[in-house]
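# Summary of structural features
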Amino acid sequence: MIGMGNRVRGDDAAGLAVADGLRSTESLALQGDPTSAIDRWCDFDRVVLVDATRSGRTPGAITRLSRSEITTVSPGPPRFAGTHSIGPVELIRLAEVLGVLPATIEVIGIEAESFAHGAALSRPVSESVARMIEELDHA
Amino acid sequence: MAEREIAVDYLARVEGEGAMYLRFENDQVADLKFKIFEPPRFFEAFLRGRRFEEAPDITARICGICPVAYQTSAVNALEAAAGADIGDDLRRIRRLLYCGEWIESHTLHVYMLHAPDFLGYPDAIAMATDYPDVVRDGLRLKKIGNRLVEFFGGREIHPINVKVGGFYRVPTRAEAQSLVDDLEWAVDAAVRTVDLVAGFDFPDFERDYEFVALRHPAEYAIDRGRIVSSEGVDIEVAEWPDFFVEEHVEWSNALHARRIGGGAYHVGPLARYSLNSAQLRPQARAAAQRAGLGEVCRNPFRSIVVRAVEIAHACEEALATIADYETPATPSVPVRVASAVGHGASEAPRGLLYHRYEVDAAGLISDAHIVPPTSQNQLSIEEDLREYATPRASLDDERLKWELEQAIRNYDPCISCATHFLDLTVERDT
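Now for a quick tour of the structure. (Residues numbered from 1 in each chain as written. Chains lettered and ligands numbered in written order. Predicted model: local features only at pLDDT ≥ 70, side-chain atom pairs only at ≥ 80, totals over all residues. Heavy atoms only, no water.)

Residue and element names in this part refer to chain A. Burial runs high along strand β3 (residues 46–53): six of the eight residues are buried. Sheet topology places strand β1 (residues 2–4) next to β3; two bridges connect them, and they run parallel. When the sheet's bridge partners are listed, I2 is paired in β3 with L49. Relative to strand β5 (residues 104–111), β3 runs parallel, the two sharing eight bridges. Residue pairing in the sheet places T53 in a bridge with E111 of β5. (Buried < 20%, exposed > 50% of the residue type's maximum accessible area, 1.4 Å probe, protein only. Helix = DSSP H or I, 4+ residues; strand = E, 2+ residues; numbered from the N terminus. Pairing = 2+ DSSP bridges.)

The biggest cluster of nonpolar side chains holds 146 residues, and the ones touching the most others in it are W41 of chain A together with Y357 of chain B. Element by element, the count of residues in this core is highest for helix α4 (residues 87–119) of chain B, at 15 residues. (Core = buried A, V, L, I, M, F, W, Y, C linked by side-chain atoms within 4.5 Å.)

Residues and elements named next belong to chain B. Look at helix α8 (residues 180–198) against helix α11 (residues 282–290): their axes get within 9 Å of each other, and the N-to-C directions meet at 15 degrees. As judged from the angle between their axes, α8 and α11 are roughly parallel. α11 is crossed by α8, and the crossing has right-handed handedness. For the pair α8 and α11, the contacting residues are V187, V191, V194 and D195 in the first and Q283, A287 and R290 in the second. Split into classes, the residues belonging to the contact of α8 with α11 amount to four nonpolar, one polar and two charged. (Axes fitted to C-alpha atoms, helices over the stretch in contact; angles between N-to-C directions. Parallel < 35°, antiparallel > 145°, perpendicular 65-115°, else oblique. Left-handed = near helix turned anticlockwise from the far one by under 90°. Contact = heavy atoms within 4.5 Å. Nonpolar A, V, L, I, M, F, W, Y, C, P; charged D, E, K, R; others polar.)

Turning our eyes to something else, we now look at the sheet that holds strand β7 (residues 226–229) of chain B. All names here are of chain B. Taking strand neighbours across the sheet as the criterion, the three strands line up as β6-β7-β8 in an open arrangement whose pairing is antiparallel. Looking at which strands have only one partner, the edges of the open sheet turn out to be β6 (212–215) and β8 (234–235). Of the strand pairs in this sheet, β7 and β8 are connected by two bridges, and their pairing is antiparallel. When the bridges of β8 are listed, I227 appears paired with I235. Along the sheet face, helix α10 (residues 269–276) touches β6 and β7 and points at about 55 degrees away from the line of β6.

All names here are of chain A. The residue D51 is located in strand β3 in this model. Although D51 is buried, it forms no salt bridge, and the closest oppositely charged side chain is R54 at an N-O distance of 11 Å. Other than its neighbours up to four places away in sequence, D51 contacts M4, G5, D12, P88, I108, G109 and I110. (Lys, Arg positive; Asp, Glu negative; His and termini not counted. Salt bridge = Lys/Arg side-chain N within 4 Å of Asp/Glu carboxyl O.)

Now for the pairing of strand β13 (residues 365–371) of chain B. In summary, the side chains of a regular strand alternate between the two faces of the sheet. All names here are of chain B. Here strand β12 (residues 351–359) runs beside β13; their pairing, made up of six bridges, is antiparallel. Considered in β13, the bridge of V359 is made with I365. Counting the residues between successive antiparallel strands, the hairpin from β12 to β13 contains five residues, one of them, G363, with a positive phi of roughly 85 degrees.

What follows deals with the state of the cysteines. All names here are of chain B. All chains considered together, the criterion is met by zero disulfides over all chains. Not engaged in a disulfide, the cysteine C315 finds its nearest cysteine sulfur in C99; these two sulfurs lie 8.3 Å apart. Accessibility expressed as a relative area gives 0% for C315, which makes it buried. (Disulfide = S-S within 2.5 Å.)

All names here are of chain B. For the coordinates displayed, the defined rule picks out 43 salt bridges over all chains. With a closest N to O distance of 2.5 Å, E317 and R95 form a salt bridge. Of this pair, E317 sits in helix α12 (residues 303–323) while R95 sits in helix α4; the two residues are 222 residues apart in sequence, bridging distant segments of the chain. The same class applies to E317 as to R95, namely buried. Between D234 and R226 there is a salt bridge; the shortest N-O distance is 2.7 Å. D234 sits in the partly exposed class, given a relative accessible area of 45%. Each member of the salt-bridge network shares a partner with another, and the members are R91, R95, E219, D223, R224, R281 and E317.

A word on the environment of Q378 of chain B. Residues and elements named next belong to chain B. Here Q378 is to be found in helix α13 (residues 373–389). A relative accessible area of 0% means that Q378 is categorised as buried. Along the sequence, Q378 and H266 sit 112 residues apart, while their C-alpha atoms lie 8.9 Å from each other. Sequence-distant contacts of Q378, defined by excluding residues within four places in its chain, comprise F34, I36, S252, A254, L255 and H256. In this structure the side chain of Q378 is engaged in a polar contact, spanning 3.4 Å, whose partner is the side chain of H256. (Polar contact = N/O pair within 3.5 Å; in protein donor to acceptor, adjacent residues only side chain to side chain.)

Another aspect to go through is the sheet that holds β12 of chain B. Sheets are built from strands that pair by backbone hydrogen bonding, the pairs being arranged parallel or antiparallel. Residue and element names in this part refer to chain B. Strands sit in the order β11-β12-β13 across an open sheet of three strands; the sheet is antiparallel. Strands with a single pairing partner mark the edges of an open sheet, and in this sheet they are β11 (340–348) and β13. On average, each strand axis in the sheet is tilted by 15 degrees relative to the strand beside it, whichever way the strands run. Each of β11, β12 and β13 is contacted by helix α3 (residues 67–82), which is oriented at about 150 degrees to β11, the strand it contacts most.

A few words on unusual backbone geometry. Residues and elements named next belong to chain B. Unlike most non-glycine residues, N26 shows phi in positive territory, near 50 degrees. Summarising the element assignment, N26 is placed in the loop between β2 (18–25) and β3 (28–36). The phi dihedral of S339 is positive, around 45 degrees, even though this residue is not glycine. One can find S339 in the loop between α12 and β11.

Here is the structure:
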């Protein structure tokens, strides 16, 4: 399981919080260069990426995207500017063209309430984080 | 009157938020602005009232791509204020850390941001479909840069191991040897990169820049030296304010720097190469010669070749330094700064980065001045755009936008750093 996000931007840390909480699942809290994830997941058959979403749904809402659904997500402005703008969708596209995608890959989004600087996770997001940890550790 | 406007509202493949606006009247450039709208960052104000020891950790936060440059210029300034010398062993580690940042930052730009321009792709992901091995090399090289930064800096982004006076912890000789295999591969990969990018098609475009960079008699300057220019400037770092000035313009959140009594100047890989190419490491120098760069390079589009040469240099330098690495006797030397002013500079991947601090009797920073490379290059970028666009007014809007965006990316502008800006608009009066 790979969590993506920023620890000092409120609910953007949701994916990292899931990675931190896992006990029996191999996990990585990815804060540095996102492309380094590609090297790590080569060794696994199944990879789950967890990141915060901003889709207008209820805070805490969980979105599950299979590999075929991932390409339907809008990746934002067409750029590839390194650490600040490559998200899970671009990462998966890059791995796909390089032929290094794991057999099963899934993206789980947790809808954020706030991306405020320095804020803790909001309550609905904390609850969804706990639910994801429970589910992934017992999968 | 024939008027035509060309605008890019949000520049792609640059770091931070900026735009470009160009207006032609009868095929003459009537107005041109490189706009930085990324919000101001206020770091210089954050530093006031903080202890001098905090400067490297606070300024590292200015940039996720070149934090080592900020840390190095900060510690250089504060150590100069104290009259302290950290000695050669510790300085070598600073240079190793800096080599990691050059490899990481230049590789990101060469492979992910700039090469797609020359190969005709919108981004590196599209490029990877046809050039998977090239992109794989790029990712691995970048990872090696990251690893160096993490190894000597404590983590790959915003390193935490740099302090005024040296480091919190230094690796042992045995630990450092673990980097050798990766670096041996990296030197070869970097030389392959030079050969690859040297084969791209470059527009026939040269400018008579005043190049400004650090120079040091012993080495291709990265972390120390005097400030020199191709027009004869040769000064101590502390003299920067006597020769250069920053000015506010209403269309940019980044200050524009220029020579006092003069105009634009150019910092970064082209400047370093043109001033100091004789000091490159052997394989980097040989690759530069094969690439046909000559002693001086005035075509900004060829900056991708110079960056690749500098990646090779940084890999060779890191490898050689690790071969001779001895565990330093102490990770740092004591430094106390009080009632003093210090100036420091280093060669960030994008060019000269100047810092100045005033520290009060209690060791608190009372004033800070930080001049990043992108703000020094803004005038030069605008002049490039004007000179490039004028004879190309007959190009259609989309083509012209695409080429002008490339002219901006030649500088690998770091807008986040400079705001303390990219969008592109072209207007034509026809």
